[in-house]
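Report on the structure
Here is how the chains run, residue by residue.
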Amino acid sequence: MSVSINLTLRIWRQKNSKNKGRFETYKLENIDTASSFLEMLDVLNERLTKEGKEPVAFDHDCREGICGTCGAMVNGKAHGPWWATTLCQLHMREFRNNDTIVVEPWRSKGFPVVKDLVVDRSSFDRIIKAGGYISVKTGSAPEANAMPVAKEKAELAMDAAACIGCGACVAACPNASAMLFAAAKISHLGLLPQGQIEAQKRVVGMVEQMDKEGFGNCSNEYECEAACPKRISVSNIARMNREYLKAKLIP
Amino acid sequence: MLDAYLKSSIGRKQIVAVTGLLLIGYLIAHLAGNLLIYLGPEAFNHYAEKLAGLRPGLYAVEFGLLGVFLIHMLFTATLVLDNIRSRPVDYKMKTAQGERSWATRLMPYTGTAILLFVIWHLLDFTFTDKFGPRSILSDGQSYGLYGVVYNAFTDPFHSTLYIIAMLAIGLHLSHGVESFLQTFGLNNAQHAITVKEISYWFAIIITTGYSSIPIYVMIHYYSH
Amino acid sequence: MKDKWANHKNKIKLVNPANKRKYHIIVVGTGLAGASAAASLSELGYNVKVFCIQDSPRRAHSIAAQGGINAAKNYPNDGDSIYRLFCDTIKGGDFRSREANVYRLAEISNNIIDQCTAQGVPFAREYSGYLDNRSFGGAQVSRTFYARGQTGQQLLLGAYSALMKEANKTSLKIYPCTEMLDLVVINGIARGIVTRNLINGGIETHAADAVVLATGGYANVYYLSTNAKACNVTAIWRAHKKGAFFANPCFTQIHPTCIPVHGDYQSKLTLMSESLRNDGRVWVPKNKEDERRPNDIPENDRDYFLERKYPSFGNLVPRDLASRNAKYICDEGQGVGPSGQAVYLDFTEAIQRLGASTIKERYGNLFDMYQRITSSDPYRNPMMIYPAPHYTMGGLWVDYNLMSNLSGLFVIGEANFSDHGANRLGASALMQGLADGYFILPYTIGDYLAGCTPGNIDNEQRAFIDAKQEAAEKTDKLLKINGQRTVDEFHRELGRLLWDKCGMSRNAGGLNEVLKKIPQIREEFWKNVNVPGSGDDLNQSLERAGRVADFLEFAELLCLDALERKESCGGHFREEYQSEDSEALRDDDNYTYVAAWEFRGVGKPAVLHKEGLTFEEVKLTQRSYK
Ligand SMILES: Cc1cc2nc3c(=O)[nH]c(=O)nc-3n(C[C@H](O)[C@H](O)[C@H](O)COP(=O)(O)OP(=O)(O)OC[C@H]3O[C@@H](n4cnc5c(N)ncnc54)[C@H](O)[C@@H]3O)c2cc1C
Ligand code: HEM
Ligand code: HEM
Ligand code: SF4
Ligand code: F3S
Ligand code: FES
């Protein structure tokens, strides 16, 4: 069953945010195609360690596509060539023997490189901090079934809530815009009756913070949606635009 | 409040979108007027004169139009500059993942092409002597504005440039209309595909509508 | 029992609201337990510092939970109640948990659903617009609330958003990318922690009036587990070394439905939600040598071993039984797949009965995930599954107030020895984490704080300086070894050993053997590990090395506890103690206690303290799922 392939990797190495980075080339042999992309990088790192070199830093945690920690550009695509997949869930079956794979970190002013493939995404936390919540205090919640929510609305909210905050949308967007991420949260909360009370304040606060972080503007390129491992729809951006207009111009 | 709106990413793109919509409105009206060319010199010139008769009111509209044009470009410029700054270190390798069309990629370029076209176009038809030598057709008579337009399009080079410009407009609109709907939140997952279609067909209508004029003139001229 | 929590709350000491801002609390961990606690404590007005390893609090391991969260709402009107949830949890835990704690958990379960719904957690709903429930993990009632296959993520995003709301106050500070390396204890009282900034390597100390550990479970001691890669025992192990008792470390849970191991490079195992067993049927070919493809094997040649052995519960027996039986069948050579370490989980019948679209609606994302990982289509071929380490019931010992034996050290979530006894029921870890964080700790910590003078938070004291020095030296030492083997090689070796000898079933011989081997591996580790790079920037090898070093110490305690507990209960199965038909045999006369271990030095046997358990509400019975 298992097939092994040989690969040439061109990986971005960068000591820290201040250094300029460069590509390094590595040859890997006998990679089992059933392994994941990160497991392939593990193999490389084990080898580098044994050679007394510093392994490639890359972010990961759950390795099952849910925590949103992993991510890199693989051959120019955020999270690599598979549809709706995080990097950790990309498997080496996608590649052919003797392929060259180019691996780069997410690039955006809002995501400074920390080291090699690791970037600082704290800007996303600050966007959430600027309003991505419902201000209910512990203990003050009413009975859960006191407020029914139409199933369709609940499903749409869930679609948006599925965002894992990985940043692939920013990475793939030609403008390095964080609109899809922000829109997902604004939609998730705005679609639910619980979230309506603070809807205006939320959208204004989050958009303002997003702009402050240096992310680009949206010119409706829809690359974000295509790169998103959770298939967050750009219709969420439309909803955010509408909500923003409402909040700003309709008193 | 308004100040923050005009500085924000979404606010600015909505300004680009509204001005875009106004420009589309002008395009439709202008096309309707221009198509009168098919009815012959009288109808066309009559329309032009009627328009001219609306002055000085028309100046207001013209300046308004100029303003809209400038605002559209100015806000676009700030967005585009921001977007360049938002990725200080570029990718060494970047591949499209979605269905990002050429129209989308080329927005700033088709926009610039439109700008250049309009400048040339104004020199061509507006700031020209409408009863001078350019208005005289082969029968030696002046046909006014009709003559100017007819003469211009008998030159295949001139016509080709126009058609290229119309294609640029078509491209701009095929993304622009869809984009407008998205920017104002009129898009949603259910009818995303129709929004694309509206945009696409609208662009085709505008482009063929306008392009038909130089084509018609050339056919008319060379078949006589 | 029923009123114990209410009475306790009524009698608990309160901190004057104006005084709250004078108290400083450290919360380590931003999973469901940590994030909910930190947010709630900040709402009350305390000064809170929150730490996590991940680059954002939202990425804590709780995010991975798929199945759901239990509550005794009885919305489906199928006879559920707080009492029933309480009984099920006590029984599920095989009578090795505290009745009072479990009752409180069941009582609070309903508030959690209210709280989370108000936060905007998009729980599944019915067409009426009201919340939907499903049955889960073998429960006889439908009491599980869920948000697609992402319940953990949605609950965590709820807690995280509460935390981010509080982060707008200056009194709450979040430290992501920061690992706790030590606990500072002065005169038996927890006073603060030592941390390492994972980005710049800076070692710092933080002092507070109370320290809350919410650092999750230690299943990664097995190397291959369903836990996220950063899960570790470091925080609670270092606290243990500073005097906190470690309770029931041998109570580990092996989850039956995981994707089998497929190669040496394997870095983690993926859980397929237990809910799959609601519709999937577990089987292996009757004949060991059967080489046919699964779909070509006729019904008569299949052994639906769970249905055969447990006719009334069938495929829905508790996790420990499902796992152990899969192991037995594979040990007997009936396993399938390239390694022979797998059994089929078959949906053919369910698809025929319900239609592929219903199955897709229920499990679509799980099926996709399975296909992505294995490249086999579960709609057409049966899935292959095998058990994997998943959850740890053991943890630091805590009292009813969730405080450890060290004053001022509170432990919540999976990190404490918890309410799950010897086995946790599905969908109850999320419930416990949130109960601890939202509704228990915020009260009980006040009881402690009210009794101490606030603001005693000087980190210039000797103890802090020493602890910082020690942490720095340890880091340095790891970097200087420059040996031949990688950190992962050691971790794999340890994991394999534990999985074989102290995994799904254990025996004295095997445990004694491991207890001899672990110190050898540990010794070699400290001589021969290779940790490249430096200590003053992001160094993931170094992070792992520190964690593996702790696993290498902790593993000994795990095995010692397993050796000491001469009975089989819940997740702890001792081969010597089983009935004739290989069912677990508890020894209630001698082992109805919590084993709380006291540290006496690395390599020295820990000292056992026993907390007796009494059962007043639920009669001690042998579990039966026949
Ligand atoms: C795949 C999977 C599926 C599951 N599904 C379910 C389910 O459906 N229902 C259910 O009820 N339960 C489920 N569980 C169990 C449940 O998810 C966990 O038990 C629970 O989420 C633990 O929460 P926690 O807050 O205690 O810890 P965690 O969420 O593990 O959080 C630990 C936190 O501590 C931090 N931390 C750890 N060590 C340190 C350190 N040294 N320094 C600083 N910070 C540190 C981490 O960064 C993290 O923020 C599942 C578990 C897994 C693995
Ligand atoms: C007849 C003239 C024009 C029309 C009808 C028009 C129409 C539009 C419309 C409808 C949009 C979509 C706005 C949105 O994103 O929602 C748009 C965008 C744009 N226009 Fe124009 N436009 C015209 C001229 C120009 C000119 C002269 C330029 C530049 C010099 C220009 C540059 C752009 C650019 C770059 C965008 C994309 C902006 C963004 O979305 O970030 N356009 N235009
Ligand atoms: C084949 C296509 C076109 C023809 C035949 C045409 C024809 C003309 C004519 C004859 C005039 C002069 C009107 C007058 O001075 O009374 C004119 C003016 C103008 N045209 Fe066009 N046009 C065409 C396409 C366009 C396009 C695509 C645009 C916009 C992008 C455009 C924008 C303008 C403007 C802005 C003026 C000046 C209007 C004014 O002065 O009020 N034209 N056009
Ligand atoms: S919207 Fe999609 S791509 Fe963007 S952060 Fe969320 S999950 Fe990642
Ligand atoms: S790709 Fe970028 S331009 Fe907008 S639609 Fe997506 S954010
Ligand atoms: S590592 Fe968690 S999503 Fe990839």
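Remember, it's a predicted structure, so these values are computed and weren't measured experimentally.

What counts and what doesn't
- Residue indices begin from 1 for each chain and proceed along its sequence in written order.
- Here every chain gets a letter starting at A, and every ligand a number starting at 1, in the order they are written.
- Only residues with pLDDT of at least 70 are given local features in this predicted model, and only at 80 or more are side-chain atom pairs given and counted; all residues enter the totals for whole chains, interfaces and linings.
- Hydrogens and waters are ignored; side-chain quantities use all the structure's heavy atoms.
- Coordinating donors are taken to be N, O and S atoms lying within 2.8 Å of the metal, or within 3.2 Å when the metal is Na, K or Ca; because water is excluded from the atom set, some sites may appear incomplete.
- Angle rules define the geometry names used: all angles between 85 and 135 degrees makes four donors tetrahedral, while opposite donors over 155 degrees apart and all other angles between 65 and 115 make four donors square planar and six octahedral, leaving every other case irregular.
- For the purposes of this entry, the term helix denotes a DSSP run of H or I that reaches at least four residues, the term strand denotes a run of E that reaches at least two, and both are numbered from the N terminus.
- Working rule for contacts: check all heavy atoms of both residues, and any pair within 4.5 Å makes them a contact.
- In this description, buried area is defined as the sum, over both parts, of the accessible area (probe of 1.4 Å) that is lost when the two are combined.
- Just to be clear on terms, a salt bridge is a Lys or Arg side-chain nitrogen sitting within 4 Å of an Asp or Glu carboxyl oxygen.
- Identification of polar contacts relies on pairs of N or O atoms within 3.5 Å, with a donor-acceptor requirement for protein atoms, meaning one able to donate a hydrogen and the other able to accept it, and with residues adjacent in sequence counted only if both atoms are side-chain atoms.
- When a residue's accessible area, from a 1.4 Å probe over protein chains only, is under 20% of the maximum for its type it is buried; when over 50% it is exposed; and in between it is partly exposed.
- The pairing criterion for strands is at least two bridges between them, as found by DSSP.

**Examining the coordination of the iron atom of ligand 2**
Residue and element names in this part refer to chain B. Here the iron atom of ligand 2 is held by the protein donor atoms His-72 (NE2) and His-172 (NE2), which lie 2.0 Å from it. Coordination at the iron atom of ligand 2 is octahedral: its six donor atoms span angles of 87 to 179° at the metal. With His-72 in helix α4 (residues 57-85) and His-172 in helix α8 (residues 156-183), the pair connects residues that are 100 residues apart, well separated along the chain.

**Digging into the interface of chain B and chain A**
The interface is formed by 43 residues belonging to chain B together with 51 residues belonging to chain A. Regarding the contact of chain B and chain A, the summed buried area is about 3,700 Å², with carbon and sulfur atoms giving 51% of it. Counting the surface chain B buries against chain A, the share from its top three residues, B:Tyr91, B:Gln97 and B:Gln182, is 18%. Linking chain B with chain A are one salt bridge, by the criterion used here. For B:Arg100, the salt bridge goes to A:Glu221, with nearest N and O atoms at 2.6 Å. Our count for the contact surface shared by chain B and chain A stands at 32 residue pairs in polar contact (both at pLDDT 80 or more).

**Description of the coordination of the iron atom of ligand 3**
All names here are of chain B. Note on the iron atom of ligand 3: its protein donors are His-30 (NE2) and His-121 (NE2). The metal-donor distances range over 1.9 to 2.1 Å. In this structure, the iron atom of ligand 3 is coordinated by six donor atoms arranged in octahedral fashion, with angles at the metal of 87 to 179°. In this pair, His-30 is assigned in helix α2 (residues 9-34) and His-121 in helix α6 (residues 107-126), connecting sequence segments 91 residues apart. By relative accessible area, His-30 is classed as partly exposed at 21%.

**Let's talk about the sheet that holds strand β15 (residues 383-392) of chain C**
Residues and elements named next belong to chain C. Strand order across the open sheet formed by five strands is β11-β15-β14-β12-β13, with antiparallel pairing between neighbours. The sheet terminates laterally at β11 (252-258) and β13 (302-303), the two strands that pair on one side only. Relative to β15, β11 runs antiparallel, the two sharing five bridges. In the sheet register, Cys-258 faces β15, and the bridge partner there is Tyr-386.

Interpretation in functional terms is not warranted from these geometric data alone.
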